[in-house]
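# Residue-level structure breakdown
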Amino acid sequence: MRPDLHVVAGLVPAGSRVLDLGCGDGDLLDHLIHRHGCAGQGVEASPEALHACVVRGIPVVQADIDRGLPDFEDGAFDVVVLSQTLQAVHRPVLVLREMIGVVSFPNFGHWRIRAQLALRGRMPVSRTLPYAWYETPNIHLCTIHDFEALLAREGLAATRRRLLDDAGGPAPPWVARRPNLLAAGAVYLIRG
Amino acid sequence: MGSSVGQVETQRAVLFNEDRPLVLDSGARLAPVEVAYETYGRLDARRANAVVVCHALTGDAHAAGHHGDPSRTGWWDNFIGPGKPLDTDRHFVVCANLLGGCRGTTGPSSIDPATGRRYGLRFPLFTVSDLVRVHRALMGHLAIERPLAAVGGSLGGMQALQWALDAPGELGAALVICASARLSAQNIAFSAVARQAILGDPDFHGGDYAERGTRPDRGLALARMLAHITYLSEESMRRKFGRRIQDADEPRFGFDVDFAVESYLQHQGESFLRRFDANSYLYLTRVMDYFDPFADPAATARALHGTSTEFLVLSFDTDWRFDTEHSKEIVRELASHHVPVTFREIASPHGHDSFLLEVPEYHRTVAGFLDAVGRRAGVPARR
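Residues numbered from 1 in each chain as written. Chains lettered and ligands numbered in written order. Predicted model: local features only at pLDDT ≥ 70, side-chain atom pairs only at ≥ 80, totals over all residues.

### Observations regarding the overall build of chain A
- When you go through chain A residue by residue, the secondary structure sums to seven helices and seven strands.
- Traced from its N-terminal end to its C-terminal end, chain A shows the element sequence α-β-α-β-α-β-β-α-β-α-α-β-α-β.
- Taken over C-alpha atoms, the radius of gyration comes to 16 Å for chain A, in line with the 16 Å a tight globule of 192 residues would show.
- Considered along the principal axes of its C-alpha atoms, chain A spans approximately 45 × 35 × 30 Å.
- Across the 192 residues that make up chain A, the buried fraction comes to 42%.
- For chain A, the proportion of contacts with a sequence separation of at least 24, taken over those separated by at least 6, is 55%. (Helix = DSSP H or I, 4+ residues; strand = E, 2+ residues; numbered from the N terminus. Rg over C-alpha atoms; globule rule 2.2 N^0.38 Å. Buried ≥ 20, exposed ≤ 12 C-beta atoms within 10 Å, placed from the backbone. Contact = placed C-beta atoms within 7 Å.)

Have a look at this one:
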């Protein structure tokens, strides 16, 4: 499993009912269901990713979260996960408002990203942002500062934050001194 | 893809008799109840690999293989067989004609032992739960305690869903394909007109047409023609027929069959008469109109609480008989009761009929889902 998913999984209480929006191949849910005793439900739009979930027995509902979240009843899930998905949705604010849970995203303020733009004058490509500008699904990239400003504006509170390194794993403690510059990504546990 | 199960035979079993009648939801008692069914593949030693196929409105027990002429195969032959989604190398597939049907199972054209006459419209009204009662009795007859799955499209999907609700945890999985948990006014309207065609046929005689030596063929064919329109998408009709003229280059200008689509519908109506009974058509369309398995929230909550049955809900994007919204409603109900569910909307140009056709994405989804369910139940992997 990708290292950042381990960090995300660490913020999900064992045994909870988890909705993973943009669950991809179901790696995180597989882990949460089989190692954390969670009840998992995925939502995904890509046919190939959907099939990957079906084959491995991960419950997944086909839906495009850009066209509104699936009409699940309030309280049907304890935790909603938005792992490396927020930056790819058309209206991230609407998605955030509807969910309480775990959000992870790449930090566009990371020094490597800044350096590529500042020194080479090219759109940044990195391990966390591996796409060329013309093929990227990421249309709403933000920095850690941007994201926290949005939380404040929307009246959402982050109860936990985990910073990620280049490889997606937990960042070393000194990164917390200047997260917006030093963290390659971040994971937030949000309460409404 | 895959091969055939070869030659098969329809079997029969009397599942309910005078001493042990079928008690319907309505309280009515029915005996005897005989069921026609077919099986494909082998039941494993643990009796854990049974997959029950629930047929739709006009299906029958003959789902796969042939009865002697290899060119005339069962109605779901592309779906059932070695290497197919229901893989008879691993699964023991059972398909029974429905209660109220006319293809070997007790229905309105059977003789009522109380009167010595055919039931006709004196046959009791029944529900989808009653259909499930009979399926479960057949499982008892075959000594299968826990089927790996129940699978069905349209009315068949309704049975799979109802089974999962009526006997929580009994099924390993319910595969609910292009079904509905609550018909819309439009759905009911189409069925109402189809029934009126039958009821209004002068040869119907209040359902006792057989005694009069007649058949409401006009009405039944009309009902089938109307229904058949709802099974196809506009796109598939355009592709198949367009505005082509049947057997001619120029229109003949008149009221006889002229367009290819008219000829097709007429053929559908006429060929239907050879295999279907008008009274069965009335009962089996009515059972869908009244189907409302989530009507009682408390009962639904009890049925779904902690159920081990896994759910696959499928719809087809061009199906307008039971469009994707019907399937999403089922997903919403299940998810709101904390039941994990897998849902796909499959792209297919063929409308409601898609569930009977070989749509690759559809078949691989069913196969992949059943593999995962089978893995957990200890059914050997696909070869």
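### Points about the nonpolar core
All names here are of chain B.
- With 158 residues, the main nonpolar core has Ala174 and Val176 as its most contacted residues.
- Both domain 1 (11-182 + 291-377) and domain 2 (187-286) contribute no fewer than three residues apiece to this core.
- With residues up to four places along the chain from it excluded, the contact list for Ala174 reads Ala150, Ala160, Leu161, Trp163, Ala164, Thr309 and Phe311. (Core = buried A, V, L, I, M, F, W, Y, C linked by C-beta atoms within 7 Å. Domains from an automatic or database assignment.)

### Notes on the interface of chain B and chain A
- Chain B puts 20 residues into the contact, and the matching count from chain A is 19 residues.
- Sorting elements by how many residues they give to the side of chain B that touches chain A places helix H10 (residues 360-377) of chain B first, with nine residues.
- Looking at the side of chain B that touches chain A residue by residue, the classes come out as seven nonpolar, five polar and eight charged. (Nonpolar A, V, L, I, M, F, W, Y, C, P; charged D, E, K, R; others polar.)

### Things to note about the packing of helix H1 (residues 3-10) of chain A against helix H2 (residues 27-35) of chain A
Residue and element names in this part refer to chain A.
- In the contact formed by H1 and H2, the axes pass within 10 Å of each other and the chain directions differ by 45 degrees. Taken together, the axes of H1 and H2 lie oblique to each other. For the crossing formed where H1 meets H2, the hand is right-handed. Contacts between H1 and H2 pair Leu5, Val8 and Ala9 from the former with Asp27, Leu28, His31 and Leu32 from the latter.
- Across the contact of H1 with H2, the residue classes tally to five nonpolar, one polar and one charged. (Axes fitted to C-alpha atoms, helices over the stretch in contact; angles between N-to-C directions. Parallel < 35°, antiparallel > 145°, perpendicular 65-115°, else oblique. Left-handed = near helix turned anticlockwise from the far one by under 90°.)

### Structural notes on helix H7 (residues 278-289) of chain B
All names here are of chain B.
- For H7, built from twelve residues, the straight-helix expectation of 16 Å at 1.5 Å per residue is met to within 8% by its first-to-last C-alpha distance of 17 Å.
- Of all twelve residues in H7, ten are buried, a share of seventy percent or more.
- Turning to H7, its buried residues are Ala278, Asn279, Ser280, Tyr281, Leu282, Tyr283, Leu284, Thr285, Val287 and Met288. (Expected span 1.5 Å × (residues − 1).)

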